[in-house]
Amino acid sequence: MPVDPTITGFTIRDLRFPTSLDAIGSDPMNTSGENAHGYIVYHTDTDLQGIGWSFSNGQGNEVLCAGIKCLAPRFVGRKLSSLTSNFAQTHRNFLGGQTRFMSPERGVIQLASNAILNAIWDLWAKVEGKPLWKLVADFTPEQLVSVIDFRYITDELTPEQALAMLKEKEKTKQERMDLALKNKAVPGYNTSVGWLGLSDAQVEAGLKKAVDAGFRHFKLKAGLGLETDRKRLGMVRKVAGESAVLMVDVNQIWDVDEAIDYMPKLADLNLWFIEEPTSPDDILGHARIRKALKPHGIGVATGEHVNNRVMFKQLLQAQAIDAVQLDALRLSGINEILSVCLLAAKFGVPVVPHSGGTGMPELCNHISHFDFVAISGKQSILEYTDHCHEYFTDPAEFSGGHFHAPTAPGYSCRITDEAFAKFECPQGSFWQSEKGQLLLNDPWRGCAAEQTSPMK
């Protein structure tokens, strides 16, 4: 019988990787970002720990850590079973209370909630001795529905409807589980070849390496001018071939009409979608863009900055997107992610998680696997970036065009001691160095018009 650990305390750490120095993550909106984690470890009365974290872009990560510190005491003294036995109610209760007034299910409090709930799911999967994706995939339809709070989405999806959907998929689930266990369930697409700050030579070299690794889908940052965009996209076609699937991402830089005017000029390049063409909050704007671009064969994708299931519901209702790019580190944990996966399945829109930051491929790999096996039943793709995997004890693995299904119990959240020694802020060796101090002491880091610290 599995143990039932009691949570006895927690540790919170501020971890920041100086990714901007290698142009990792560079795009039209974010020229210099430090992939950062607000990291929590729940200690228990056993040898098991629950580890979770959420994500920021460098400056302000201390605010995320403060949010985690505010909410983390709620689960101290509780047995794991007291949280998971009615996890939907636990989820609803946890998002309530006085802190909800500041930003209900959005903003820093939502990110902090994510980190803490990730730690609870990590602990649960460890107790069951399973990787998180398999914990979820092994649920009966009734068990899966029981962990979801359906409040605010029952106008589109009720628990009864979700149960019927899952029971239908249950009939063929074992076939998809077999594919997952053979590492053939989740194809990947490569984003690392397309960071905006890379030189043409770096892009070309990265493309050749990615093609050799089995990638056939590629995403490039765009939006800084047609000549530049066409040159980069043409390079992908030259190296990867006409059969390669291409996407572009402009990270919110356009107004709606700018997107509608710009993208048809790239239509001859046969693009699958434009990602984040405008403000992530503009649901009707995305719908207008999608309608205008559909005759040109270009889809629309968004989700990495979508805060909650309600916004995803409305994007789907408005027929505004062709890919649901939910973020493992922005929604309020696996509970809410499951509700978004079910909504996407109902509307027939593929889940293509955003995983462009440090550690995101590790976590999103679980999501894509359980979505394929238990929820949508349809193969999609998952974003792959090639940086910082060495700092995870259970790194995402990729070969033959597919992600490997995680095998270690838990949610693949644990980061190595070496990473903390170098990059914990402010005491890590890098942040104590002269260059680290320059980055930390520039209040405009990441704002190209004002930044004074070095780009590299």
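Thresholds, definitions, all that
Residues numbered from 1 in each chain as written. Predicted model: local features only at pLDDT ≥ 70, side-chain atom pairs only at ≥ 80, totals over all residues. Heavy atoms only, no water. Helix = DSSP H or I, 4+ residues; strand = E, 2+ residues; numbered from the N terminus. Rg over C-alpha atoms; globule rule 2.2 N^0.38 Å. Buried < 20%, exposed > 50% of the residue type's maximum accessible area, 1.4 Å probe, protein only. Contact = heavy atoms within 4.5 Å. Lys, Arg positive; Asp, Glu negative; His and termini not counted. Charge placed at Lys NZ, Arg CZ, Asp CG, Glu CD. Core = buried A, V, L, I, M, F, W, Y, C linked by side-chain atoms within 4.5 Å. Expected span 1.5 Å × (residues − 1). Salt bridge = Lys/Arg side-chain N within 4 Å of Asp/Glu carboxyl O.

**Remarks on the overall build of the chain**
Move 1: Tallying secondary structure elements over the chain gives 18 helices and 12 strands in all.
Move 2: Against the compact-globule benchmark of 23 Å for 456 residues, the chain has a radius of gyration of 21 Å, which places it among compact chains.
Move 3: Across its three principal axes, the chain shows a C-alpha extent of roughly 60 × 55 × 45 Å.
Move 4: Residue burial in the chain is summarised as follows: out of 456 residues, 58% are buried.
Move 5: For the chain, the share of sequence-separated contacts (at least 6 apart) that also reach a separation of at least 24 residues comes to 74%.
Move 6: On the chain, the mean spot of the 45 positive side-chain charges and the mean spot of the 54 negative ones are 4 Å from each other.

**Focus: unusual backbone geometry**
The phi torsion of most residues other than glycine is negative, and most of the peptide bonds are trans.
Move 1: Cis geometry is adopted by the peptide bond preceding Pro426, which originates at Cys425 and carries an omega value of 10 degrees.
Move 2: Phi is positive for Glu105, close to 55 degrees, though the residue is something other than glycine.
Move 3: Here Glu105 is to be found in the loop between helix H3 (87-94) and helix H4 (107-128).
Move 4: In this structure Glu105 comes out as buried when scored by relative accessible area, which is 8%.
Move 5: Its identity is not glycine, yet Gln319 carries a phi of approximately 50 degrees, on the positive side.
Move 6: With respect to the helices and strands, Gln319 occurs in the loop between helix H13 (309-317) and strand E9 (323-324).

**Remarks on the nonpolar core**
Move 1: By size, the foremost hydrophobic cluster in this structure holds 139 residues, and its most contacted members are Trp121, Phe218, Met263, Val324, Leu326, Ile334 and Phe370.
Move 2: With residues near it in sequence (within four places) discarded, Leu326 still touches Gly303, Phe312, Leu331, Ile337, Val340, Cys341, Val351, Pro353, His354 and Ile367.
Move 3: Counting 7 residues, the second largest nonpolar core, distinct from the first, contains Met247, Ala323, Val352 and Ile381.

**So, helix H10 (residues 226-240)**
Move 1: For H10, spanning 15 residues, the distance from its first C-alpha to its last is 21 Å, which sits close to the expected 21 Å at 1.5 Å a residue.
Move 2: The set of residues buried in H10 consists of Asp229, Arg232, Leu233, Met235, Val236, Arg237 and Ala240.
Move 3: Residues of H10 that are buried in the fold lie against helix H9 (200-212), strand E5 (217-221), strand E6 (245-249), helix H11 (256-262) and strand E7 (271-275).

**Topic: the pattern of salt bridges**
Move 1: Tallied over the entire structure, the rule returns 28 salt bridges.
Move 2: Measuring nitrogen to oxygen at the nearest pair gives 2.6 Å for the salt bridge that ties Glu275 to Lys219. Residue Glu275 is located in strand E7, and its partner Lys219 is located in strand E5; the two are separated by 56 residues in the primary sequence.
Move 3: According to the relative accessible area criterion, Glu275 is buried, its value standing at 0%.
Move 4: Note that Asp261 and Lys265 form a salt bridge whose closest N and O atoms lie 3.3 Å from each other.

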